[in-house]
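Chain residues, written in single-letter form:
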Amino acid sequence: MEPNWHSSLEFWIALTVAIATGWAVLWGVCFARVRKNQAALQQTQRRLDASQEFADIGTWDRDLATGILHWSKNISAMVGRQGGETETSYEMFLTTVHPDDRRMVIEANAASIETGTANEIQYRVVWPDGTTRWLHERGNTIRNEAGEATNILGVARDITEEKLRRDTLRQSEAQFRDLAEGSLQGLIIHADGEILFVNSTLAKMFGYDSIDEVIAIGSIDALYAPEERERMREYRENRAKGWSAPLHYEFCGLRKDGEKIWLQRSSRMINWQGRMAVQGTMLDITERVKSEERFRAVFDNVSVGCVVIDEKGCIETFNATAEKTFGWRADEVLGRNVKMLMPEPHRHRHDDYVANYVNGGEAQAIGKDREVMGLRKNGENFPMLLGVGEIMLGERRAFIDSATDLTNLKKAEFGLRLAKAEAERANLAKSEFLAHMSHELRTPLNAILGFSQLCKDQIFGKLGHEKYLEYMDDINTSGQHLLGLIGDILDISKIEAGGMSINEEATPIGRAISDAINWLEVPAAGKNVVI
């Protein structure tokens, strides 16, 4: 049979169309898959770029065989290539590195290739506009099955701002340390009781040889006297909780050798290297406290009650003598107005007087002593001598009142007045006695003179007459009486001196009357008086 070439041609044409159609379909499917894979790859790349941008990092891959360097868009931006190119050469990359850091980068990469270990370095890059940025890079070498180095992969991060902050912080810390070391005050920083920083002034203040030795003790409680630790711990805990705690206070510290010292401290909360801490400044006031103790010892033992008040009249200091004088304890009056120690009408006038003086008025009592009435706790009024002086306590004005209790003095004065009155009465009695005694002395003396004159004139003839014997007896009696009177005068002087006691005895009244008549007979006769 003759072949039908027409049919064969149709067959081959159909076959060719079928094959072409099959290839077309196959290429369509393959192309669709390629496009799908490219889209997925691009989506992955976009996600990777976004992640790197979000993390502020970039990645790179250096092919050691070709020298081609592939980097992410972030790396391109980090080295100042704003076009976003992602393929370059290692040599071109090195041109972006700061000349002073270029050798370090080359040596770090070479060491990683040689040893197979990761490298981590920081270096500077210079942008085309001259801007210098700092990068932190970490890279590692990839090797094939034969152990040959094929690639170096790495990640980089721009640390310019971070480094600037660290440098600024270091500079600030250096300045802080310079200030701290140059300070005359001790400086300490602690958190949760742990000592974080001290200056050399504080170390010397507490008797330590170095700053490190103080920090090594750990707890700040070691710097407090045992009796102060509970109070200081309470302050610390309250401050950490945001509760009320004093900013300025005094406390007793403990030196390395066990000696106690007094310090004045100021505290505040600060941020120290990322954690909340307490900053304290301390000033050694041991000598001041000792001086105050010496002053207080004198102040409390003076014989005058001393009261220190402020410009509002509130009591700040109340010494021991004032406690005895007014009957109040110091803790009962501190902070209260001093007018509580005054009776009316002084009490309601006191505040006006102080305010008038503080506002520039006349000082009516400053520097003067005056006698006023005071008021004891039991309500008793008493006389006192009040002196008021003005003093300066630092930059503020205060007043010191000195009060002397005059109660005993007034009693003594009253006793003196009584004694004076008694002395005056005694003196008057003495004058009356002397006036009376003058008469008494003259009476027997006149008798003596009269009788002796009669004997001298021999009125009754020559001596020997019995009448003369009677006269002689009268003269003797008068002399004895006169001697007795003189003795009585002397006895009065002894009585006044307290050197004699009086003894009572019986006296014959008849003899006393007879003697009196005899003493008066002659003077009376001279005046023509008959007894």
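Each chain carries its own residue numbering, running from 1 in the written order of its sequence. In keeping with the model being predicted, local features are shown solely for residues with a pLDDT of at least 70 and side-chain atom pairs are shown and tallied solely at 80 or more, while totals for entire chains, interfaces and linings include all residues. To obtain the side-chain values, all non-hydrogen atoms of the structure were used and water was disregarded.

Asker: Even after reading the chapter, I still don't get the pattern of salt bridges, so can you show me in this structure?
Answerer: One side chain can pair with another of opposite charge once the charged atoms of both are near each other. Counted as salt bridges are all cases of a side-chain nitrogen of Lys or Arg within 4 Å of a carboxyl oxygen of Asp or Glu. Tallied over the full model, the rule gives 31 salt bridges. Note that Arg-296 is salt-bridged to Asp-300, the shortest N-O span being 3.0 Å. With Arg-296 and Asp-300 both in helix α9 (residues 286-301) and four residues apart, the pair spans about one turn of that helix. Each residue is assigned to one of three classes by its accessible area relative to the maximum for its type, calculated with a 1.4 Å probe on protein chains only: buried under 20%, partly exposed between the two thresholds, exposed over 50%. Look at Arg-296 and you get partly exposed, because its relative accessible area is 31%. It is possible to trace a salt-bridge network through shared partners that takes in Arg-329, Asp-331, Glu-332 and Lys-377. Strands here mean DSSP runs of E at least two residues long; helices mean DSSP runs of H or I at least four residues long; both are numbered from the N terminus.

Asker: Hey, could you run me through the nonpolar core in this one?
Answerer: The nonpolar side chains of soluble globular proteins are, as a tendency, buried together. Of all hydrophobic cores here, the largest spans 22 residues; its most connected members are Val-307, Ile-315, Phe-318, Phe-326, Trp-328, Val-338 and Leu-341. Here, two residues are considered to be in contact whenever any of their heavy atoms come within 4.5 Å of each other. Setting aside residues up to four positions removed in sequence, Phe-326 forms contacts with Phe-318, Leu-341, Leu-375, Arg-376, Lys-377, Phe-382, Met-384 and Ala-403. Formed by 19 residues, the second largest nonpolar core is a distinct cluster that contains Ile-188, Val-214, Tyr-235 and Leu-263. Take the buried Ala, Val, Leu, Ile, Met, Phe, Trp, Tyr and Cys residues and link them wherever side-chain atoms come within 4.5 Å; each set so joined is a nonpolar core.

Asker: I keep staring at the pairing of strand β6 (residues 149-158) and nothing clicks. Help me out?
Answerer: Regular strands have side chains that alternate between both faces of the sheet. Strand pairing follows a simple DSSP-based rule, namely that at least 2 bridges must link the two strands. Where strand β1 (residues 57-63) lies against β6, seven bridges are found, and the strand directions are antiparallel. Opposite Asp-61, over in β6, you have Leu-153 as the bridge partner. The pairing of strand β5 (residues 132-143) with β6 spans nine bridges and is antiparallel. What sits directly across from Thr-141, in β6, is Ile-152.

Asker: Which parts of the structure should I look at to understand the layout of surface pockets?
Answerer: Picture a little ball the size of a water molecule; that probe, rolled over the atoms, points out where space is still empty. Definitions used for this entry: grid spacing 1 Å over protein atoms alone; cavity, a set of points where a 1.4 Å probe fits but cannot get out; pocket, an open set with protein on both sides within 12 Å along at least 5 of 7 lines; lining residue, one with an atom within 4 Å of a point. Grid points are joined across faces, edges and corners, and a volume is the space filled by probe spheres set on the points. Empty space within the largest pocket amounts to approximately 460 Å³. Every residue lining the largest pocket is counted, 24 residues in all, and those nearest its centre are Met-342, His-350, Tyr-353, Arg-370 and Leu-386. Within the residue set of the lining of the largest pocket, elements represented by two or more residues are β12 (305-309), α12 (346-358), β14 (369-375), β15 (381-393) and β16 (396-405). Broken down by class, the residue content of the lining of the largest pocket amounts to 18 nonpolar, three polar and three charged. By the convention adopted, Pro, Cys, Tyr, Trp, Phe, Met, Ile, Leu, Val and Ala count as nonpolar, Lys, Arg, Asp and Glu as charged, and the other residues, Gly among them, as polar.

Asker: For this particular structure, what's the right way to read the sheet that holds β5?
Answerer: Strand order in the open sheet formed by six strands is β3-β2-β1-β6-β5-β4, and the pairing between neighbours is antiparallel. With partners counted over all chains shown, the strands left at the sheet margins are β3 (87-89) and β4 (119-126), one partner each. Each neighbouring strand pair of the sheet contributes to a mean axis angle of 30 degrees, computed without reference to strand direction. The strands that helix α4 (residues 99-115) touches are β1, β4, β5 and β6; relative to β4, the one it contacts most, it runs at about 150 degrees. As a rule, the C-alpha atoms of each element are fitted with a line to give its axis, helices using only the stretch in contact, and angles between N-to-C directions run from 0 to 180 degrees. In the packing of helix α5 (residues 160-182) onto the sheet, the strands contacted are β4, β5 and β6, and the crossing angle to β5 comes to about 120 degrees.

Asker: What exactly am I supposed to notice about the packing of aromatic side chains here?
Answerer: In this description, a pair of aromatic rings is defined by centroid distance and the angle of the planes. Side-chain rings of Phe, Tyr and Trp (the six-membered ring for Trp) are treated as a pair once their centres are within 6.5 Å; stacked means planes under 30 degrees apart, edge-to-face means over 60, and tilted covers the remaining angles. Counted according to the given criterion, the structure contains 10 aromatic pairs. Between Tyr-224 and Phe-251, the ring centres sit 5.3 Å apart and the planes meet at 90 degrees, which makes this aromatic pair edge-to-face. Of this pair, Tyr-224 sits in the loop between α7 (211-216) and α8 (229-240) while Phe-251 sits in strand β9 (residues 248-254), and the two are 27 residues apart along the sequence. Ring centres of Phe-318 and Phe-326 lie 6.3 Å apart, and the angle between their planes is 45 degrees; this geometry places the pair in the tilted category. With a relative accessible area of 1%, Phe-318 lands in the buried category. Using a relative accessible area of 3% as the deciding quantity, one classes Phe-326 as buried. When the NZ atom of lysine or the CZ atom of arginine is within 6 Å of a ring's centre and also within 35 degrees of its normal, the charge is said to sit over that ring. Positioned above the aromatic ring of Trp-134, the side-chain terminus of Lys-163 is 4.4 Å from the ring centre. Over the aromatic face of Trp-328 sits the side chain of Arg-336, whose NZ or CZ is 5.4 Å from the ring centroid.

Asker: What am I meant to see in α4 here?
Answerer: For an α-helix, the turn length of 3.6 residues means that residues three or four places apart are oriented alike. The span one expects for a helix is its residue count, reduced by one, times 1.5 Å. With 17 residues, α4 ought to run about 24 Å at 1.5 Å a step, and its terminal C-alpha atoms sit 25 Å apart, in line with that. When α4 is considered as a whole, its buried residues turn out to be Asp-101, Val-105, Ala-108, Asn-109 and Ser-112. All buried residues of α4 project into a common sector of 95 degrees when viewed along the axis, lining one side. Along α4, exposed side chains directed more than 90 degrees from the buried face belong to Pro-99, Arg-103 and Glu-114. On the buried face of α4, the contacting elements are β1, α3 (90-96), β4, β5 and β6. The positive-phi residue at the C-terminal boundary of α4 is Gly-116, with phi of around 75 degrees. Each direction from the helix axis to a C-beta atom contributes to the arc, which is the arc of those directions.

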